[in-house]
Amino acid sequence: IALKTNLFYFSATGNSLILSRDLAAELPEAQIFSIPQVIHGKPDLDADQIGLIFPVFYSGLPRIVSDFIKKLDPDKIKYLFVVCNYGGFAGSTLQEAGEQLQAVGVTMNAGYQINLPGNYIVKYGAFGKNKQDKLFRSEKKIVRQIAEDVKAQKNKPVKQGGLMNKITKSIYHSNLQKFPTLDKNFIAGDKCNGCGICERVCPVENIRMEDCRPKWKGNCEHCLACIQWCPKEAIEYSTRSVGRKRYHHPDVKASELFIK
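As a starting point, this report considers the structure included with it. Just so we're clear, the structure is a prediction, and the values are computed from it rather than from any experiment. (Residues numbered from 1 in each chain as written. Predicted model: local features only at pLDDT ≥ 70, side-chain atom pairs only at ≥ 80, totals over all residues. Heavy atoms only, no water.)

**Points about the overall build of the protein**
1) Next: Helix and strand content of the protein: eight helices and nine strands.
2) Next: Its C-alpha atoms give the protein a radius of gyration of 18 Å, within 12% of the compact-globule value 18 Å for 260 residues.
3) Next: Summarising its shape, the C-alpha atoms of the protein cover approximately 55 × 40 × 40 Å along the three principal directions.
4) Next: Per-residue burial over the protein gives 54% buried out of 260 residues. (Helix = DSSP H or I, 4+ residues; strand = E, 2+ residues; numbered from the N terminus. Rg over C-alpha atoms; globule rule 2.2 N^0.38 Å. Buried < 20%, exposed > 50% of the residue type's maximum accessible area, 1.4 Å probe, protein only.)

Here is the structure:
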């Protein structure tokens, strides 16, 4: 009998969406759900196994994923696994995920991390095409292995401890509280044509268009979807993103990440 799998993903620039689709293609009875689209309702936990798929933010979980975890009903979850993707360093993300799940009474049965092209334009521009393609090829192989584990409902405990984990956890928790107001650094320049893609792609509805220009409302996820998807490259993050190449997954369209 094929096990039913529900995959819940958060994706700003497409990596986690592709990961979810690739995993769903390898699992016989799989559905995928966008966390930003389902977070305000009751998530469908009527499945044999649940997967959480998301990017690493500052060696930890995006706020929206943490908020989603708090909505999980432990009585309905039989087997849960986590797949996080990172551009630079995964840090203590899986340990953090396990602790946050444990806090609501859910066991993380298995955790995986996959290196994919990063989108953190505050620090660096898009990776070169050759490097991106290499990471995309590697992702396909790793996903096949994860799918085999999940079909067998393997338990893959995440190693705990270590000085580096303590350091990255400290960095994560100290930065996370700053995220909401980091949107004060966004600037929409003269190239802005008022298309509103930034507003529609924002996973937490933190942008509204006023006089055909985006205004940020101070509840930022710091996912950088707005800057990465702007078709005119009109949005900058203070002066730090100027001249840096933008990134979004080449097989994803902005409309596939719209919240409404």
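**Brief notes about the packing of helix 1 (residues 15-26) against helix 5 (residues 129-151)**
Axes are the key here: two packed helices are described by the angle between their axes and the distance separating the axes.
1) Next: One way to put it is that helix 1 packs onto helix 5 with a least axis distance of 9 Å and a crossing angle of 50 degrees. Considering their axes alone, helix 1 and helix 5 lie oblique with respect to each other. Along this stretch, helix 1 crosses helix 5, giving a crossing that reads as right-handed. Counting all contacts with helix 1, which are made through Asn 15, Ile 18, Leu 19, Asp 22, Leu 23 and Glu 26, the residues of helix 5 involved are Phe 136, Glu 139, Lys 140, Val 143, Arg 144, Ile 146, Ala 147 and Lys 151.
2) Next: Its residues assigned to classes, the contact of helix 1 with helix 5 comprises seven nonpolar, one polar and six charged. (Axes fitted to C-alpha atoms, helices over the stretch in contact; angles between N-to-C directions. Parallel < 35°, antiparallel > 145°, perpendicular 65-115°, else oblique. Left-handed = near helix turned anticlockwise from the far one by under 90°. Contact = heavy atoms within 4.5 Å. Nonpolar A, V, L, I, M, F, W, Y, C, P; charged D, E, K, R; others polar.)

**Overview of the nonpolar core**
1) Next: Leu 23 and Leu 80 are the most contacted members of the largest nonpolar core, which totals 85 residues.
2) Next: Sort the elements by how many residues they give to this core and strand 4 (residues 80-86) lands first, with six residues.
3) Next: Leaving out residues up to four positions away in the same chain, Leu 23 has contacts with Leu 7, Ile 53, Phe 81, Val 83, Val 143, Ile 146 and Ala 147. (Core = buried A, V, L, I, M, F, W, Y, C linked by side-chain atoms within 4.5 Å.)

**Observations concerning the pattern of salt bridges**
1) Next: In this structure the tally under the stated criterion is 13 salt bridges.
2) Next: For Arg 21, the salt bridge goes to Glu 256, with nearest N and O atoms at 2.6 Å. Placement of Arg 21 in helix 1 and of Glu 256 in the segment after strand 9 (235-237) is noted, with a sequence separation of 235 residues between them.
3) Next: Exposure remark for Arg 21: the relative accessible area of 32% places this residue in the partly exposed category.
4) Next: Salt-bridge contacts for Glu 210 lead to Arg 208; the nearest nitrogen and oxygen are separated by 2.4 Å. (Salt bridge = Lys/Arg side-chain N within 4 Å of Asp/Glu carboxyl O.)

**What to know about unusual backbone geometry**
1) Next: Positive phi values are uncommon outside glycine, yet His 222 reaches one of about 60 degrees.
2) Next: With respect to the helices and strands, His 222 occurs in the loop between strand 8 (213-216) and helix 8 (225-229).
3) Next: Look at His 222 and you get buried, because its relative accessible area is 3%.
4) Next: Residue Leu 224 is not a glycine yet carries a positive backbone phi of 70 degrees.
5) Next: Relative to the helices and strands, Leu 224 is located in the loop between strand 8 and helix 8.

**Regarding the sheet that holds strand 5 (residues 110-115)**
Sheets are built from strands that pair by backbone hydrogen bonding, the pairs being arranged parallel or antiparallel.
1) Next: On the basis of which strands lie adjacent, the open sheet formed by five strands has the order 2-1-3-4-5 and parallel pairing. Edge positions in the sheet fall to strand 2 (29-34) and strand 5, since each of these pairs with one other strand and no more. Across the sheet, the axes of successive neighbouring strands diverge by a mean angle of 20 degrees, strand direction being ignored.
2) Next: Helix 4 (residues 93-103) rests against strand 3 (49-55), strand 4 and strand 5 of the sheet, and its axis sits at about 145 degrees to strand 4.
3) Next: Helix-sheet contacts for helix 5 involve strand 3, strand 4 and strand 5, and the interaxial angle to strand 5 is about 170 degrees. (Pairing = 2+ DSSP bridges.)

**Details of a nonpolar patch on the surface**
1) Next: A contiguous nonpolar surface patch, about 500 Å² in accessible area, is contributed by Phe 89, Leu 163, Met 164, Ile 167 and Ile 171.
2) Next: One can find Leu 163 in helix 6 (residues 163-176).
3) Next: Its relative accessible area of 64% is what places Leu 163 among the exposed residues. (Patch = residues over 30% accessible without salt bridge, like charges linked within 9 Å, V, L, I, M, F, W, Y side chains within 5 Å. Areas by Shrake-Rupley, 256 points an atom, 1.4 Å probe, with all protein chains shown as cover.)

**Considering helix 1**
1) Next: A rise of 1.5 Å per residue sets the reference length of helix 1, with its 12 residues, at 16 Å; its end C-alpha atoms lie 17 Å apart and thus fit the reference within 8%.
2) Next: For helix 1, the buried fraction is high: nine of the 12 residues fall into the buried class.
3) Next: For helix 1, the full list of buried residues reads Asn 15, Ser 16, Leu 17, Ile 18, Leu 19, Ser 20, Asp 22, Leu 23 and Ala 24.
4) Next: Taken together, the buried residues of helix 1 touch strand 1 (4-9), strand 2, strand 3, strand 4, strand 5 and helix 5. (Expected span 1.5 Å × (residues − 1).)

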